[in-house]
Amino acid sequence: MTEDKTQGKLLNKVALVTGSTSGIGLGIARRLGLAGCDVVLNGLMDTEEVERVKAQLAETCGRKVLYHGADMTKPSEISELVEFTVLQFGAVDIVVNNAGIQHTALVEEFPPEKWDAVIAINLSSAFHSIRSAIPHMKRKGWGRIVNIASAHGLVASAHKAAYVAAKHGLVGLTKVVALETAETGITVNAICPGWVRTPLVEKQISDRASRDGISQEAAAIQLLAAKQPSKRFVEVDEIGDTVVFLASDAAANITGTSISIDGGWTAQ
Ligand code: NAD
């Protein structure tokens with residue numbers, strides 16, 4: 001068991017984190033587990049790997065960890081994921097909408113099926129999990145929804161029509177649901193990270209490296225230099241700790257907002 005100082009802050013809360021088999025989602029699940037939550041993981045992963053990730057997380061956090069393989073493009077499976085959480089753990093206190101994919105292309109070359117997939121996974125999935133979770137949260141008079149948007153929820157970059165549209169949409173959805181739940185003990189917020197070095201970004205670094213004939217590390221430095229004044233990648237735990245803060249009592253009156261963790265990206 002870890003000595004982490006956040007341990008216990010969210011003791012016995014139940015957290016569902018979508019897209020948490022990798023990258024940012026897995027990091028958030030870990031920080032929530034360390035803060036005392038039982039956790040439901042979700043994401044695309046083979047069975048053996050799921051067992052390994054679940055066992056490791058449960059051991060690190062000393063909490064119960066379950067997995068549900070709902071596909072975030074399928075509304076009925078997203079509802080099942082929320083109901084599974086309530087059935088297994090008796091509540092769904094914290095929902096972190098994190099699942100996301102990226103596709104880059106000029107708008108006139110953007111494959112419509114990629115547009116549909118990015119919007120479904122990065123935006124519509126949050127609508128479906130929220131509409132399923134809110135009645136349970138309202139019954140308890142307590143709930144926390146954290147939507148993992150992006151710097152691209154606030155500003156745009158070329159070649160990212162679907163992603164930027166989805167993330168701006170997610171920030172808008174955050175505000176609406178915050179207003180609708182303002183008197184219920186539920187808070188709804190978005191986190192807008194800059195570059196985080198996860199598999200989603202590693203692909204963009206590789207694409208840049210092969211396009212410009214440079215090394216992976218040179219491409220990573222270029223990627224940061226173009227957008228992120230701190231010139232360092234955001235750490236997964238920096239996002240996880242912000243989720244824990246938003247879920248804590250200290251943040252009970254923070255709702256409908258977007259918190260940037262972007263090394264100054266959107267200050268420019
Ligand atoms: P990642 O590729 O490491 O993880 C994505 C997760 O989503 C994985 O667990 C994957 O299995 C899951 N997923 C993808 N498609 C799914 C589907 N159809 N059904 C269920 N799960 C699915 O990516 P990441 O960088 O950790 O991104 C997590 C979130 O953070 C995304 O919403 C992304 O847009 C956002 N974000 C990332 C960065 C960054 O720099 N990496 C910056 C800002 C925002």
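For every chain, the first residue of the written sequence is number 1, and numbering continues from 1 onward in sequence order. Only residues with pLDDT of at least 70 are given local features in this predicted model, and only at 80 or more are side-chain atom pairs given and counted; all residues enter the totals for whole chains, interfaces and linings. Hydrogens and water molecules were not included; the side-chain quantities draw on all heavy atoms of the structure.

**Observations concerning helix 2 (residues 47–61)**
What sets the pattern is the α-helix's 3.6 residues per turn: residues three or four places apart point alike. Here a helix means four or more residues in a row that DSSP labels H or I, a strand means two or more in a row labelled E, and each is numbered from the N terminus. What a helix should span is 1.5 Å times the count of its residues minus one. The end-to-end C-alpha separation of helix 2 is 21 Å, in line with the 21 Å expected for 15 residues at 1.5 Å each. Note on definitions: a residue-residue contact is assigned when non-hydrogen atoms from the two residues lie within 4.5 Å. Check the buried side of helix 2 and you find it contacts helix 1 (23–34), strand 2 (38–42) and strand 3 (65–68). Remark: Gly-62 follows helix 2 within two positions and exhibits a positive phi of approximately 65°.

**Thoughts on the nonpolar core**
Here, nonpolar core refers to any group of buried Ala, Val, Leu, Ile, Met, Phe, Trp, Tyr and Cys residues whose side-chain atoms link them within 4.5 Å. A simple rule labels every residue: compare its accessible area, found with a 1.4 Å probe on the protein chains alone, to the largest value its type can have, and call it buried under 20%, exposed over 50%, or partly exposed in between. Among the nonpolar cores identified, the biggest contains 32 residues, and Leu-16, Met-72, Val-92 and Ile-145 are the most heavily contacted of them. If you list the elements that add at least two residues to this core, you get strand 1 (14–17), helix 3 (75–89), helix 4 (112–140), helix 5 (161–180) and strand 6 (186–193). Excluding residues within four positions of it along the chain, Val-92 makes contact with Val-14, Leu-16, Val-82, Thr-85, Val-86, Ala-133, His-136 and Met-137. Counting residues in each nonpolar core, the second largest holds 31 residues, with Ala-15, Ile-24, Val-244 and Leu-246 among its members.

**Remarks on empty space enclosed by the protein**
Residues are said to line a cavity or pocket when one of their atoms sits within 4 Å of a point; the points come from a 1 Å grid over protein atoms alone, cavities being sets where a 1.4 Å probe fits but cannot get out and pockets being open sets with protein on both sides within 12 Å along at least five of seven lines. Grid points are joined across faces, edges and corners, and a volume is the space filled by probe spheres set on the points. Scanning all chains against the criterion turns up 1 cavity of 30 Å³ or more. Of the voids in this model, the largest cavity is the one considered here, and its volume is about 40 Å³. As for the largest cavity, its lining consists of Thr-18, Asn-97, Asn-98, Ala-99, Ile-121, Asn-122, Ser-125, Ala-126, Ile-148, Lys-167 and Leu-170. Looking at the lining of the largest cavity, the elements with two or more residues in it are helix 4 and helix 5. In terms of residue count, the dominant contributor to the lining of the largest cavity is helix 4 (4 residues). Here the nonpolar group is Ala, Val, Leu, Ile, Met, Phe, Trp, Tyr, Cys and Pro; Asp, Glu, Lys and Arg are the charged ones; every other residue, Gly included, is treated as polar. Considering only residue class, the lining of the largest cavity consists of 5 nonpolar, 5 polar and 1 charged.

**Some words on the domain arrangement of the chain**
For the chain, the assigned domains read domain 1 (14–194 + 234–261) and domain 2 (195–233). An automatic or database domain assignment is the source of the domain bounds shown. The gap between the C-alpha centroids of domain 1 and domain 2 is 24 Å. By definition, the buried area sums, over both parts, the 1.4 Å-probe accessible area that each loses when the two are put together. Both sides of the domain 1 and domain 2 interface together cover about 940 Å² of buried area, and 53% of this is carbon and sulfur. Among the residues domain 1 hides against domain 2, the three largest losses belong to Gln-102, Gly-194 and Val-234. Together they make up 41% of the total. Definition used for salt bridges: Asp or Glu carboxyl oxygen within 4 Å of a side-chain nitrogen of Lys or Arg. One can count 1 salt bridge joining domain 1 with domain 2. A 3.5 Å cut-off defines polar contacts: any pair of N or O atoms within that distance qualifies, except that in protein one atom must be a possible hydrogen donor and the other a possible acceptor, and neighbouring residues in sequence count only when both atoms are side-chain atoms. For the pair domain 1 and domain 2, the interface holds 5 residue pairs in polar contact (both at pLDDT 80 or more). Elements with a contribution of two residues or more to the side of domain 1 that touches domain 2: helix 1 and helix 8 (236–247). With 3 residues, helix 8 is the single largest residue contributor to the side of domain 1 that touches domain 2. Tallied by class, the residues present in the side of domain 1 that touches domain 2 amount to 7 nonpolar, 6 polar and 3 charged.

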